[in-house]
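Take a look at the letters that make up each chain.
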Amino acid sequence: MAGCCSVLAAFLFEYDTPRIVLIRSRKVGLMNRAVQLLILAYVIGWVFVWEKGYQEMDSVVSSVTTKAKGVTKTNTSDLGFRIWDVADYVIPAQEENSLFVMTNMIVTLNQTQGLCPEIPDKTTVCKSDADCAAGSTGTHSNGVATGRCVQFDETVKTCEVEAWCPVENDTHVPKPAFLKAAENFTLLVKNNIWYPKFNFSKRNILPNITTTYLKSCIYNAITDPFCPIFRLGKIVEAAGHSFQDMAVEGGIMGIQIKWDCNLDIAASHCLPKYSFRRLDTRDVDHNVSPGYNFRFAKYYSDLTGNEHRTLIKAYGIRFDIVVFGKAGKFDIIPTMINIGSGLALLGVATVLCDIIVLYCMKKRFYYREKKYKYVEDYEQPIINETDR
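Residues numbered from 1 in each chain as written. Predicted model: local features only at pLDDT ≥ 70, side-chain atom pairs only at ≥ 80, totals over all residues. Heavy atoms only, no water.

A. The arrangement of the packing of helix α8 (residues 347–359) against helix α9 (residues 364–371) in detail. For the pair α8 and α9, interaxial distance at closest approach is 6 Å and the crossing angle is 120°. Classified by the angle between their axes, α8 and α9 sit oblique to one another. Of the residues in α9, those in contact with Asp354, Val357, Leu358 and Tyr359 of α8 are Arg364, Tyr367, Arg368 and Lys371. For the contact of α8 with α9, the class distribution of residues is four nonpolar, no polar and four charged. (Axes fitted to C-alpha atoms, helices over the stretch in contact; angles between N-to-C directions. Helix = DSSP H or I, 4+ residues; strand = E, 2+ residues; numbered from the N terminus. Parallel < 35°, antiparallel > 145°, perpendicular 65-115°, else oblique. Contact = heavy atoms within 4.5 Å. Nonpolar A, V, L, I, M, F, W, Y, C, P; charged D, E, K, R; others polar.)

Structure, rendered in C-alpha cells:
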C-alpha cells in the first residue's frame, strides 16, 4: 500500500524537464548524425521528391467510348459463304467501358417450338418411358420433359422435351476459332479525363495527333505509344497470351490507361500510359468452365407465319477499359504539414541516442548521473541532523 502511495505521490507532485547534456563521444555523435541524415533523406527524397508531398492530389474522373473495325469472310456447310463486319461480331453495339468481340460460335439453325429428343448425356439417355419424368426441367435441360423415351439416332434413345427444336448441341467447340481473322481487327479507344479539384481535362487523342495520322497509326509501345488504335491480336500478345488459343473459348482482357499528371509543369507532359493484362483467371490445373460465352437468338417468320429462330452460342473476348491515375499541384497546406512531420521525426535521433547512452554503453551510470538531476522543492523545510 505504501508503495502505491509513493508512486501516486511521485506522479502528482514531481515534474520532469529536459536537461541538455553535451556528450563528447565519436560513436554517439556519428550515430546521431547518421540517423538525422537518414530521416532527412526520407523526408526530402521519399516524401517530397518521390511522393510529391508538397502537392494537393486529386483522382481522375473518366469516360470511355470504343469503336471496332475489321471485315472477314467464312465459308461453311451450315452457313455457306458469309461476310462478317462490325455489326455482326460486336455484341451489343455499345457497352460502358467495354467491348465484346465474337471470335467463335455454335449455330443452331431453323429452330421451331415443338417436340424433339434431348442431346444424349448421363441424365437424358433412357430405355423406356419410365426413365423420363414428365414435366421435369433440369438445370441443363433444353426444355420441359414430356415423359416419353424416343429415338435420338439409330443406337441411342433420350427423353423427349417440349422445346425449340432441334435442340442445341454444344458438346464440341469449333477449333480453330470460327472468326480467327479477328486477330487483325482494330479497336479505337477514346478516353476523356477530368480532375475536378483543379478543373483540368484532357483526352487520349492528343493535340498533335492529326486526322491523317489517326487513319494510319497502330499502337506500338516503342514507335507509336500514344496512338489510340489497337490491333486485337497485339493486345492479347502484350498480355503474354495467344490470341488464337483465347479466341476458341473466349476470355476477358483489360486495357489499362494510366494518367499521372504533374500540374506544376506544362499540360503537354500529362500523357496516357497503356498496359494490358488478362483479367479472367486461367488455371491449367483447375480449368472448369473456362472462357467467356453467352447465347442470343435471331427471330423470323416464314411465309405461313410460323415463328423460327437461329440460336447462337457466342464465344469471344471482352475488352474492359480500366482508367486510373492522379494529378497533383503545389499547395502550401500539405507542404507545411509534411515539413512539420519531418521536423518531428528528427526527434527520433535524440531518443535513439539517449537509449544507447543511458542503457547500453559501459559508462551508462556516469551518463545517467550527468543526465538526471534531482531538485527538492525550496518551499519545503529541509530537516538535517543539527535541527533534531
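That was the structure; now back to the text.
B. Examining the pattern of salt bridges more closely. For the coordinates displayed, the defined rule picks out nine salt bridges. A salt bridge links aspartate 170 to arginine 295; its shortest N-O distance comes to 3.0 Å. On the criterion of sequence distance, the pair formed by aspartate 170 in the loop between β7 (157–165) and β8 (186–195) and arginine 295 in strand β13 (residues 293–301) is long-range, its members being 125 residues apart. Its relative accessible area of 28% is what places aspartate 170 among the partly exposed residues. (Salt bridge = Lys/Arg side-chain N within 4 Å of Asp/Glu carboxyl O. Buried < 20%, exposed > 50% of the residue type's maximum accessible area, 1.4 Å probe, protein only.)

C. Geometry of the packing of helix α2 (residues 26–50) against α8. Running from N to C, α2 and α8 point in directions that differ by 150°, and their axes come no closer than 9 Å. Between α2 and α8, the angle is such that the two are roughly antiparallel. Judged by the twist between their axes, the crossing of α2 over α8 is right-handed. Between α2 and α8, the residues in contact are Val28, Met31, Asn32, Val35, Gln36 and Ile39 and Val348, Ala349, Thr350, Leu352, Cys353, Ile356 and Val357, respectively. When its residues are assigned to classes, the contact of α2 with α8 shows ten nonpolar, three polar and no charged. (Left-handed = near helix turned anticlockwise from the far one by under 90°.)

D. View of the layout of surface pockets. Size it by volume and the second largest pocket reaches roughly 740 Å³. If you go around the second largest pocket, you meet 31 residues; those closest to its centre are Glu118, Asp121, His140, Ser141 and Asn142. Among the secondary structure elements, those contributing two or more residues to the lining of the second largest pocket are β7 and β14 (307–330). Looking at the lining of the second largest pocket element by element, the count peaks at four residues for β7. Tallied by class, the residues present in the lining of the second largest pocket amount to eleven nonpolar, twelve polar and eight charged. (1 Å grid on protein atoms, 1.4 Å probe; cavity = no way out; pocket = protein on both sides within 12 Å on 5 of 7 lines; lining within 4 Å. Points joined across faces, edges and corners; volume = space filled by probe spheres on them.)

E. How the structure looks around the state of the cysteines. Under the counting rule described, the total for this entry stands at five disulfides. Covalent S-S linkage joins cysteine 126 and cysteine 149, the inter-sulfur distance amounting to 2.0 Å. Handedness of the cysteine 126-cysteine 149 disulfide follows from its S-S torsion of about 95°: it is right-handed. Taken as a pair, cysteine 126 in the loop between β5 (98–117) and β6 (144–151) and cysteine 149 in strand β6 lie far apart in primary sequence, 23 residues in all. For cysteine 126, a relative accessible area of 6% translates into the label buried. (Disulfide = S-S within 2.5 Å.)

F. Spatial organisation of the pairing of β8. In terms of residue burial, β8 counts as a mostly covered element, since seven of its ten residues are buried. When strand β2 (residues 61–69) meets β8, the two strands line up antiparallel, connected through nine bridges. Within the sheet, the bridge partner assigned to lysine 67 lies in β8 and is leucine 188. Across three bridges, the pairing between β8 and strand β10 (residues 229–231) is antiparallel. Note on β10: the bridge partner recorded for leucine 187 is phenylalanine 230. Sheet topology note: the β8/strand β9 (residues 200–203) ladder contains four bridges and is antiparallel. Paired with asparagine 192 across the strands is arginine 203, a residue of β9. Where β8 hands over to β9, the hairpin turn is made up of four residues, of which asparagine 199 adopts a positive phi near 55°. (Pairing = 2+ DSSP bridges.)

G. Representation of unusual backbone geometry within the structure. Going from isoleucine 91 to proline 92, the amide bond is cis rather than trans, its omega being -15°. One can find proline 92 in the loop between α3 (86–89) and β5. Between lysine 175 and the following residue, proline 176, the backbone shows a cis peptide bond with an omega angle of 5°. Within the element layout of this structure, proline 176 appears in the loop between β7 and β8. In this structure, asparagine 97 takes a positive phi of about 60° despite not being glycine. Looking at the secondary structure, you find asparagine 97 in the loop between α3 and β5. The exposure class of asparagine 97 is partly exposed, given its relative accessible area of 29%. Backbone geometry at asparagine 110 places phi at a positive 55°, although glycine is not the residue there. Tracing the chain through its elements places asparagine 110 in strand β5.

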